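# Fold and geometry: a report
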Amino acid sequence: MNFGERLKQIRLEKGYTQKDIINKINISQNGYSSWELGKTEPNLTSLKKLSNIFHISVDYLLGMENEEGLIIMQNELSEDENYLIDLIRQLEMKDKSTIYELAELMVQAKKNKTK
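These remarks concern the structure in this document.

Conventions used here
Residues numbered from 1 in each chain as written. Predicted model: local features only at pLDDT ≥ 70, side-chain atom pairs only at ≥ 80, totals over all residues. Heavy atoms only, no water. Buried < 20%, exposed > 50% of the residue type's maximum accessible area, 1.4 Å probe, protein only. Helix = DSSP H or I, 4+ residues; strand = E, 2+ residues; numbered from the N terminus. Salt bridge = Lys/Arg side-chain N within 4 Å of Asp/Glu carboxyl O. Core = buried A, V, L, I, M, F, W, Y, C linked by side-chain atoms within 4.5 Å. Contact = heavy atoms within 4.5 Å. Arc of directions from axis to C-beta. Polar contact = N/O pair within 3.5 Å; in protein donor to acceptor, adjacent residues only side chain to side chain.

## Topic: helix α3 (residues 29-36)
Most of α3 sits out of view: six of its eight residues are buried. Of the positions making up α3, those classed as buried are G31, Y32, S33, S34, W35 and E36. The first or second residue beyond α3 is G38, which carries a positive phi of 80 degrees.

Dropping the structure here:
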């Protein structure tokens, strides 16, 4: 199941219309529809908003975590990566969001250095 299919499934399970979500996260109809159709994907800020609306983790929304909160491994991770995942799992959602933002900033800074 791709992201768009998962997003639509979760939205319907939670009883929301597209218009409900559009109003809650302040996005255009075309923008949101393109997510559900798999044409585009939301940025980190929008993922966090969706996560809060649906009361689910970003990992679950992205299909990286099952309903029991277990990470779905698509390939093997290093010991350091597993350690980091274990630490993040122990955090509350607001603290996880801080970690996600920091990681995103660090990756962007690295990209800017290589330009």
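## Side note on the pattern of salt bridges
For the structure on display, the rule yields three salt bridges. E101 is the salt-bridge partner of K48, the closest N and O atoms lying 2.1 Å from each other. Placement of K48 in helix α4 (residues 44-54) and of E101 in helix α7 (residues 93-113) is noted, with a sequence separation of 53 residues between them. The class for E101 is partly exposed, based on a relative accessible area of 38%. For D86, the salt bridge is made with R89, and the minimal N-O distance between the two is 3.7 Å. Pair noted here: D86 and R89 are both in helix α6 (residues 79-89), with a separation of three residues, about one helical turn. A relative accessible area of 40% places D86 in the partly exposed class.

## What about the nonpolar core?
Counting residues in hydrophobic clusters, the biggest one holds 19 residues, and the most contacted among them are L7, I21, Y32, W35, L50, F54 and L61. Only α1 (3-13), α2 (18-25), α3, α4 and α5 (58-61) provide two or more residues apiece to this core. Looking at which element gives the most residues to this core, the answer is α4, with five residues. Residue contacts for Y32: discarding those within four places in its chain leaves L7, R11, Q18, I21, I22, I27 and L50.

## Here's the deal with α1
Considered for burial, the residues of α1 that qualify are F3, G4, R6, L7, I10 and R11. The arc that holds the buried residues of α1, viewed along the axis, is 160 degrees, so those residues lie on one side. Exposed side of α1, more than 90 degrees from the buried face: L12 and E13 are the residues found there. Capping of α1 at its N-terminal end is provided by N2; its side-chain oxygen lies 3.0 Å from the backbone amide nitrogen of G4. Phi turns positive, to about 80 degrees, at G15, one or two residues after α1.

## Things to note about unusual backbone geometry
For residues besides glycine, phi is generally negative; the peptide bonds are generally trans as well. Although it is not a glycine, N26 adopts a positive phi angle of roughly 60 degrees. Checked against the element boundaries, N26 lands in the loop between α2 and α3. Residue class for N26 comes out exposed when judged on its relative accessible area of 73%. The backbone of H55 sits at a positive phi, close to 60 degrees, despite the residue not being glycine. In this fold, H55 is placed in the loop between α4 and α5.

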